[in-house]
Amino acid sequence: MCGIVGYIGYRDAYPIIVKGLRRLEYRGYDSAGIALYDGNDIQMSKTKGKVDDLEQRVRKEIKTAGSVGIGHTRWATHGVPNDVNSHPHYSNSGDLVIIHNGIIENYEPLKKELLNRGYHFTSDTDTEVLVNLIEDVKKNEDVKLGKAVQIALNQVVGAYAIAVFDRNKPDEIVVARLGSPLTIGIGKDEFFIASDASPFIEYTNNAIYLEDEEMAIVRRHKKVKVRKIKDDSLVDPYVQELQLNLEEIEKGGYDHFMLKEIYEQPRAILDTYRGRLRVNDGIIKMAGVDDNIEKFLNANRIIVVACGTSWHAGLVAEYIFEDLARIPVEVEYASEFRYRNPVITENDVVIAISQSGETADTLAAIKLAKSKGAFVFGVCNVVGSSISRETHAGAYTHAGPEIGVASTKAFTTQITVLTLIALRLAKAKGNISNTDYHYHLQELELIPEKVERTLQSNEHIVGISDRYKDASNFLYLGRGYNFPVALEGALKLKEISYIHAEGYPAAEMKHGPIALIDEQMPVVVIATKKGHYEKVVSNIQEIKSRKGKIIGIVTEGDKSVKNLADFVIEVPETLESLTPLLTTIPLQLLSYHIAVMRGCNVDQPRNLAKSVTVE
Ligand code: G6P
């Protein structure tokens, strides 16, 4: 993963780069570093820790003058997080300096060769190998930096987004990408380089998203030249106008991005169906689906590929596609799918779900499915992301930037998009009655307001969180549509509070997890009115008789579960297929408050990163 930032222009580079790194900390935050050209030489400072630690170190160590520089925030792959392994990395001569996001898979043989030629290495990173390889090519072939980068990258196997500059020619930064994102912000007489557009959004709305296997030389006062790394051919770059705004990527008065994003869900869900859902006309309009309707209608099955929270959204989709549209669905972890020689045919439709649109395994699964002739449809949040470009068609979730590492609004908006698609197909296939279809549309339109109402339980959830914050294990149970919600609730708690939690189908509890239940064990049971309610109530009885502590997520006005549970959290009534959009909310708040009470870093949990661009 890792975040990279660069600047070349007329302003002080340091504050721009540091602010940019903060915005990219979601990509990794175990170490950070910066290299600036001060007019005479390179000033470098780097440290284990976060961007705050870097700032402190910079104050003691270096001059921050200069209008050219690069910065990095790391999520370790090769080499433990420490000062030496932090980026940037110098080449042996000290002339070149590089930042890198990705993994050089063949770094060992390359390193061996360089060692034989007298190069030495101070870090354990693959990146230091790359910068020395570039230096070696530059010297031996007597070429300029851009050419040296190109020749070196043609020897490299792996993934990268890099930015490199030479202290002897500090009026240019060379960048390249394969498998990790890289964007160039185009200002007036200034350029920005970053993993995504958030570091430069207040300076320019114009950006070039480099494609895989492309590189660019970014020079002061010159047009950006983009080339293919393989054959050196020039590419005419598409300058995209960005829609992001600054407010969206700042905390806006909330203590954490996660909380802000939880509270944004009513708006985010509305933005997701805005313009697509026309209740009065009984129409769902989604260009990506409409233009490819035959592919969907003729599909033998739908295969969903995704990772993490997006995979949970895929599980919800399985229920809704099969239930409403009667299309068989398989949901696969992208990382398993791509390595297990799956049977894929031209009659399969693959739906790839990804908030970031950059997850390496999902991207690889898409490429595999495409190579077998399947039609691949993307459900992404980040506009212009690699997955959104790699898929044949798609639908954006329009959730706005999600910064908190624990995914919240991305999940509910993914479910919203998938629900719209399922309804659109159910109607086209004639598998849903008119009454049922209209009822679904009406209920979907009411979801933002019902999420808003659910959020009003926040104070009550603070109390429950306080009661169970010291538990060492949690169990989450749900059936049907709410089974994936149980998985997601458990994942949220694990991710940010480091409490062990398991999600389980409620009925499966008696095949194992029931052995764990004692008076210390909080069990969160999703027991909304529709969807096997009585059966779930029986499961609650089973927990109760083993003295487990029960937190029930129930429909407003529920009595049976209230009588049995230690606590209940109410959600408004809705259609069974739409309940995940409501039952998820209290689980997000519960994990948020528990994590805060335990003193955890909610937005940047240990060992995690938001965008996993390594395999
Ligand atoms: C990481 C994030 C998760 C996310 C998963 C998939 O693990 O921490 O929140 O669900 O990646 O990411 P994607 O961007 O593909 O949805």
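This text goes with the structure placed above it.
Residues numbered from 1 in each chain as written. Predicted model: local features only at pLDDT ≥ 70, side-chain atom pairs only at ≥ 80, totals over all residues. Heavy atoms only, no water.

## Topic: the packing of aromatic side chains
Given two aromatic rings, their pairing is described by the distance between the two centres and the angle made by the two planes. This model, assessed by the stated rule, comprises 10 aromatic pairs. When the centroid spacing of 5.9 Å and the interplanar angle of 80° are considered together, the rings of Phe296 and Phe375 count as edge-to-face. Of this pair, Phe296 sits in helix H9 (residues 293-297) while Phe375 is found in strand E21 (residues 375-380), placing the two residues 79 residues apart along the sequence. Comparing Phe296 with Phe375, the two get one shared label, buried. A network of ring pairs unites the aromatic residues Tyr7, Phe192, Phe200 and Tyr203 as a single cluster. Residue placement shows Lys111 over the ring face of Phe121; its charged tip is 5.2 Å from the ring centre. Here the guanidinium or amino end of Lys427 rests over the ring plane of Tyr437, the centre of that ring lying 5.2 Å away. (Phe/Tyr/Trp six-rings, centres within 6.5 Å; stacked < 30°, edge-to-face > 60°. Helix = DSSP H or I, 4+ residues; strand = E, 2+ residues; numbered from the N terminus. Buried < 20%, exposed > 50% of the residue type's maximum accessible area, 1.4 Å probe, protein only. Lys NZ or Arg CZ within 6 Å of the ring centre and 35° of its normal.)

## Looking at the nonpolar core
Of all hydrophobic cores here, the largest spans 89 residues; its most connected members are Phe321, Ile351, Phe377, Leu425, Leu444, Phe474 and Tyr476. Of the residues forming this core, the biggest block, 10 residues, is contributed by helix H14 (residues 409-429). Not counting chain neighbours up to four residues away, the residues in contact with Leu444 comprise Tyr273, Leu277, Thr419, Leu420, Leu423, Leu578 and Leu581. Core analysis: the next-biggest nonpolar cluster, separate from the first, contains 29 residues, Ile98, Ile134, Leu145 and Leu153 among them. (Core = buried A, V, L, I, M, F, W, Y, C linked by side-chain atoms within 4.5 Å. Contact = heavy atoms within 4.5 Å.)

## Examining the state of the cysteines
Going through the model one piece at a time under the given rule, you end up with 0 disulfides. For the unlinked cysteine Cys307, the closest cysteine sulfur is that of Cys380, found at 12 Å. For Cys307, a relative accessible area of 24% translates into the label partly exposed. (Disulfide = S-S within 2.5 Å.)

## Considering the side chain of His593
Its place among the elements puts His593 in helix H20 (residues 580-597). By relative accessible area, His593 is classed as buried at 10%. A distance of 2.6 Å separates the side chain of His593 from the side chain of Asn458, its partner in a polar contact. Every residue in contact with His593, bar those within four places of it in the chain, is listed here: Asn458, Ile461, Val462 and Ser465. (Polar contact = N/O pair within 3.5 Å; in protein donor to acceptor, adjacent residues only side chain to side chain.)

## Re the sheet that holds strand E12 (residues 214-219)
Pairing is antiparallel across the open sheet formed by 7 strands, whose spatial order is E5-E6-E7-E8-E12-E13-E14. What marks the edges here is a single partner per strand, and that holds for strand E5 (89-90) and strand E14 (234-235). The sheet contact formed by strand E13 (residues 225-228) and E14 spans 2 bridges and is antiparallel. Pairing of Val226 across the sheet is with Val235, part of E14. Relative to the sheet, helix H4 (residues 126-141) contacts E5, strand E6 (96-104) and strand E7 (158-166), its axis offset from that of E6 by approximately 125°. (Pairing = 2+ DSSP bridges. Axes fitted to C-alpha atoms, helices over the stretch in contact; angles between N-to-C directions.)

## Structural notes on the site of the ligand
As a structural note, the neighbourhood of the ligand is formed by 13 residues, with Ser310, Ser354, Gln355, Ser356 and Thr359 the closest of them. With respect to the ligand, the backbone of Thr309 contributes an N or O atom lying 2.9 Å from an oxygen atom. Here Ser310 contributes a side-chain N or O atom positioned 2.5 Å from an oxygen atom of the ligand. When the free accessible area of the ligand is taken as 380 Å², the share hidden by the protein chains comes to 91%. Looking at the shell around the ligand, the element that brings in the most residues is helix H10 (residues 308-325), giving 3 residues. Its residues placed into classes, the shell around the ligand shows 4 nonpolar, 8 polar and 1 charged. (Near = heavy atom within 4 Å. Areas by Shrake-Rupley, 256 points an atom, 1.4 Å probe, with all protein chains shown as cover. Nonpolar A, V, L, I, M, F, W, Y, C, P; charged D, E, K, R; others polar.)

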